[in-house]
Amino acid sequence: MSDVVAGIREAILTGEFVPNQRLIEADLSERFAASRAGVRAALVELANEGLIERVQNRGARVRAVSLAEAVEISEVRMVIEGLCAAKAAECAGPSGIADLQAIGDAMRTAVSSGDVMGYSRLNERLHARVREISGQTTASGVLERLRAQNVRHQFRLAMHPGRPQVSLPQHLDIIEAIAAHDPAAAEEAARAHLRSVIDTLRDTVP
């Protein structure tokens, strides 16, 4: 069942399965070479994660997240990402700092060359690496679930005109604070970044 859960989750994360799309058990069973019972169990698990919703007499569909809920998710992320950044500043060793600085350099290059999607992927890598360095496995699990729920709004955010130029210095501030082993500055930099995300999210919807 875990392979089915992972496969459906990945299809939602990559945008292959879009909000409100119906998920047909027979199709999923064929695609993932799984039994109908296994697919149903996977759908229950994904419903518990908030990625899909089960509609009485109509099966399952990918859950659509409203702007208001996307803002709420980002507010929760702001607290947890701040915690992870602070812990990363306490725990970061030379190799972890070097990784973050390399990602920061690549982000600068992506912005200067106008590579929006490349920058978006680096953004994900940076946040993931901060979580790894922090050692906060519980927080990481929560953040992965929130990110999956918010994937459609994250894509709109990435494509918002001028967004990379705004977020680059915010990401560099997070990296600098972690490299300086300054937990308070790292937490504030992460929170400031998420406050900016929330403001931009509100601008992405007319």
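Because the structure is a prediction, the values reported are computed rather than measured.

Visitor: Tell me about the overall build of the protein, and name the residues and values.
Guide: Looking only at helices and strands, one finds ten helices and three strands in the protein. When the elements of the protein are put in sequence order from the N terminus, they spell out α-β-α-α-β-β-α-α-α-α-α-α-α. Counting only C-alpha atoms and orienting by the principal axes, one finds that the protein spans roughly 55 × 40 × 30 Å. Taken across its 206 residues, the protein has 45% of its residues classed as buried. Sequence-distant contacts in the protein: of pairs separated by 6 or more residues, those separated by 24 or more amount to 73%. Here the protein has roughly 10,300 Å² of accessible surface; of this, 52% comes from carbon and sulfur atoms. For the protein, the distance from the average position of its 24 positive side-chain charges to the average position of its 27 negative side-chain charges is 6 Å.

Visitor: For the pattern of salt bridges, give the residues involved together with the corresponding values.
Guide: Under the counting rule described, the total for this entry stands at 15 salt bridges. In this structure, Arg129 engages Asp99 in a salt bridge whose closest nitrogen and oxygen atoms are separated by 2.9 Å. Linking Arg129 in helix H6 (residues 116–134) with Asp99 in helix H5 (residues 94–113), this pair joins segments that are 30 residues apart in sequence. We classify Asp99 as partly exposed; its relative accessible area is 34%. Arg147 is the partner of Glu144 in a salt bridge, and the nearest nitrogen-oxygen pair spans 3.5 Å. Linking Glu144 with Arg147, this pair stays in helix H7 (residues 137–149), spanning three residues, or about one helical turn. The class for Glu144 is partly exposed, based on a relative accessible area of 32%. By relative accessible area, which is 18% here, Arg147 ends up buried. Each of Glu124, Arg131, Glu144 and Arg147 takes part in salt bridges that share partners, so that together they form one network.

Visitor: Let's hear about the pairing of strand S2 (residues 52–55): which residues, and what values?
Guide: Pairing of S2 with strand S3 (residues 59–62), which is carried by four bridges, proceeds in the antiparallel orientation. Paired with Val55 across the bridge in S3 is Gly59. What sits between S2 and S3 in their antiparallel hairpin is a turn of three residues, with Asn57 showing a positive phi close to 65°.

Visitor: Explain the confidence of the model for the protein to me, and be specific about the residues and the numbers.
Guide: Any residue range with low pLDDT should be treated as having predicted coordinates unsuitable for detailed reading. Overall, the predicted model of the protein reaches an average pLDDT of 90, with 99% of residues at or above 70. For the protein, the element scoring lowest by mean pLDDT is helix H8 (residues 151–158), at 74; H5 scores highest, at 97.

Visitor: Explain unusual backbone geometry residue by residue, including any values.
Guide: Residue Ala33 is not a glycine yet carries a positive backbone phi of 50°. Residue position: Ala33 is located in the loop between helix H2 (25–31) and helix H3 (36–48). Positive phi outside glycine occurs at His181, with the angle close to 55°. Locating His181 in the fold gives a position in the loop between helix H9 (163–179) and helix H10 (183–204).

Each value, and the rule that gives it
Residues numbered from 1 in each chain as written. Predicted model: local features only at pLDDT ≥ 70, side-chain atom pairs only at ≥ 80, totals over all residues. Heavy atoms only, no water. Helix = DSSP H or I, 4+ residues; strand = E, 2+ residues; numbered from the N terminus. Buried < 20%, exposed > 50% of the residue type's maximum accessible area, 1.4 Å probe, protein only. Contact = heavy atoms within 4.5 Å. Areas by Shrake-Rupley, 256 points an atom, 1.4 Å probe, with all protein chains shown as cover. Lys, Arg positive; Asp, Glu negative; His and termini not counted. Charge placed at Lys NZ, Arg CZ, Asp CG, Glu CD. Salt bridge = Lys/Arg side-chain N within 4 Å of Asp/Glu carboxyl O. Pairing = 2+ DSSP bridges. pLDDT = per-residue confidence, 0-100.

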